[in-house]
Amino acid sequence: MARALRWPRAAAWVIVAILALAAIAVWRDPFLLVRGEFARQRVAAGLSSGTVQAAGHRWTYAWRDADVPGAPVIVMVHGFTGSKENWYPLARELGGRYRLLIPDLPGWGASERKSGATYGFPEQAANVDAFIRALSPGTPVVLLGHSMGGGIAVLAATRYPQSVAKVGLLDAAGVRFKDNQFGLDVLAGKNPFGVDDEASLQRYIDIVFHDANAKPWLPWPASTALIRKRRADAAFEQGVLDRIGRSAESLLPGDEAVRIRQPTLLLWCRQDAVIDASALDLYAQRIPQARKVLLEGCGHMSLMERPREVADAVVALVENGENGTHAE
């Protein structure tokens, strides 16, 4: 009996040791919790992780092959202060229908950031073209861009049309939309997305999400780790926002959108408090072949707040590129 009890006790000590090591690891690097949650979401979406050298940068990206060889390739480009993880809910909805390539843009997330490099709309469009040529050589892709990524997608489609077969613009930057508090703050030189404490982190989340059920839960110490990272990125964020939000470059995507010839999806949420939904019609005026989708009850993060509806719109774009207006 005494010998039989030794095994449960030994197992208990092993568990205690593992928990102690995990606690020490989290204490040393609280962002480990955030990375762990991102990894869980990636696996749940059926995605793998990869790296590639393109445009002089080391990229980190998530990917999934299609269930059927030769299926269309979709590249998803995140927005300002965003990362590849923003696309995981949509990737999960799309499943294995298409080949998915979801990068962290250079300068953002886990991809390389180079001192002195410029990461505005034109530079990132060239970077995205290099990424596409590296991972989908000879095969044009369906390019989806969210927010800042939408402005990048416009320039990639117009300047590198050989790489882009179809375009999806979700809550895209690049046009002079109807004034809102976010836009006025940007024009005044502020970073409304700036995070340096718990209150500003919550404000950031409240700005980009409208649907309370979709807002991420960030318990301590994960919240502390994220705040620390955003503080460290503050100067970089400000530099990028100066270019894409209030310089002459800020409206470059809207100016060049008239040259988009590919089938296009324009998708917004009516309650977007970042890029007002008036931008939908402004882009539609420039891209007459575009299909418009306006969703209700969601904000700037349509891809996370309404992934099922966004997936339906993306499938319609990929399968037939249908035109016309649609609202939900």
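Our structure is the block above this text.
All figures in this text were calculated on a predicted structure; none of them were measured in a lab.

Undergrad: Just to check I follow, could you spell out the overall build of the protein chain for this structure?
TA: Looking only at helices and strands, one finds 13 helices and 9 strands in the protein chain. Out of the 328 residues in the protein chain, the part that is buried amounts to 54%. Long-range pairs, those at least 24 residues apart, make up 75% of the contacts in the protein chain between residues at least 6 apart in sequence. Put simply, the protein chain shows about 14800 Å² of open surface, and 57% of that area lies on carbon and sulfur atoms.

Undergrad: What exactly am I supposed to notice about the state of the cysteines here?
TA: Simply put, the disulfide is a covalent bond whose two ends are the sulfur atoms of two cysteines. Evaluated as defined, the whole model comprises 1 disulfide. What pairs with cysteine 269 in a disulfide is cysteine 298, and their sulfur atoms sit 2.0 Å apart. The S-S bond linking cysteine 269 to cysteine 298 shows a torsion near -90°; that makes this disulfide left-handed. Pair noted here: cysteine 269 is in strand β7 (residues 264-269) and cysteine 298 is in the loop between β8 (291-295) and α12 (302-305), with a separation of 29 residues, a long-range link. Owing to a relative accessible area of 0%, cysteine 269 belongs among the buried residues under this scheme.

Undergrad: So what exactly am I meant to see when it comes to helix α4 (residues 121-135) here?
TA: Since the α-helix turns once every 3.6 residues, residues separated by three or four places project in the same direction. For α4, spanning 15 residues, the distance from its first C-alpha to its last is 21 Å, which sits close to the expected 21 Å at 1.5 Å a residue. Burial of α4 is extensive: 11 of the 15 residues sit out of reach of the surface. When we look at burial in α4, the residues that qualify are Phe121, Pro122, Gln124, Ala125, Asn127, Val128, Asp129, Ala130, Phe131, Ile132 and Leu135.

Undergrad: Help me out: how do you make sense of the environment of proline 72 in this one?
TA: Mapping proline 72 onto the fold places it in the loop between β2 (57-64) and β3 (73-77). Along the backbone, proline 72 and tyrosine 98 are 26 residues apart, and their C-alpha atoms lie at a distance of 5.5 Å. If we ignore the near neighbours within four places in the chain, the residues touching proline 72 are Tyr98, Arg99 and Val318.

Undergrad: Could you clarify how one ought to interpret the packing of aromatic side chains in this entry?
TA: Here a ring pair, both rings aromatic, is described through the centre-centre distance and the interplanar angle of the planes. Counting across every chain of the model gives 9 aromatic pairs. With centroids separated by 4.7 Å and ring planes inclined at 25°, the aromatic side chains of tryptophan 59 and phenylalanine 131 adopt a geometry described as stacked. Pair noted here: tryptophan 59 is in strand β2 and phenylalanine 131 is in helix α4, with a separation of 72 residues, a long-range link. On the basis of relative accessibility, which here comes to 0%, the residue tryptophan 59 falls in the buried class. Summarising the aromatic geometry, the rings of phenylalanine 80 and tryptophan 108 are spaced 5.5 Å apart at their centres and angled 75° between planes, so their arrangement reads as edge-to-face. Residue phenylalanine 80 is found in the loop between β3 and α3 (88-94), and its partner tryptophan 108 is found in the loop between β4 (99-103) and α4; the two are separated by 28 residues along the sequence. Each member of the pair phenylalanine 80 and tryptophan 108 is classed as buried.

Undergrad: I tried to follow the packing of α4 against helix α5 (residues 148-159) on my own but got confused; where do I start?
TA: When two helices pack together, their arrangement is given by the angle between their axes and by how far apart the axes lie. Closest axis-to-axis distance for the α4/α5 pair is 8 Å, and the angle between their directions is 65°. With respect to each other, α4 and α5 are oriented roughly perpendicular. Where α4 crosses over α5, the handedness of that crossing is right-handed. Only Met148, Gly151, Ile152, Leu155, Ala156 and Arg159 of α5 make contact with α4, whose side of the interface consists of Phe121, Pro122, Gln124, Ala125 and Val128.

Definitions and limits used
Residues numbered from 1 in each chain as written. Predicted model: local features only at pLDDT ≥ 70, side-chain atom pairs only at ≥ 80, totals over all residues. Heavy atoms only, no water. Helix = DSSP H or I, 4+ residues; strand = E, 2+ residues; numbered from the N terminus. Buried < 20%, exposed > 50% of the residue type's maximum accessible area, 1.4 Å probe, protein only. Contact = heavy atoms within 4.5 Å. Areas by Shrake-Rupley, 256 points an atom, 1.4 Å probe, with all protein chains shown as cover. Disulfide = S-S within 2.5 Å. Expected span 1.5 Å × (residues − 1). Phe/Tyr/Trp six-rings, centres within 6.5 Å; stacked < 30°, edge-to-face > 60°. Axes fitted to C-alpha atoms, helices over the stretch in contact; angles between N-to-C directions. Parallel < 35°, antiparallel > 145°, perpendicular 65-115°, else oblique. Left-handed = near helix turned anticlockwise from the far one by under 90°.

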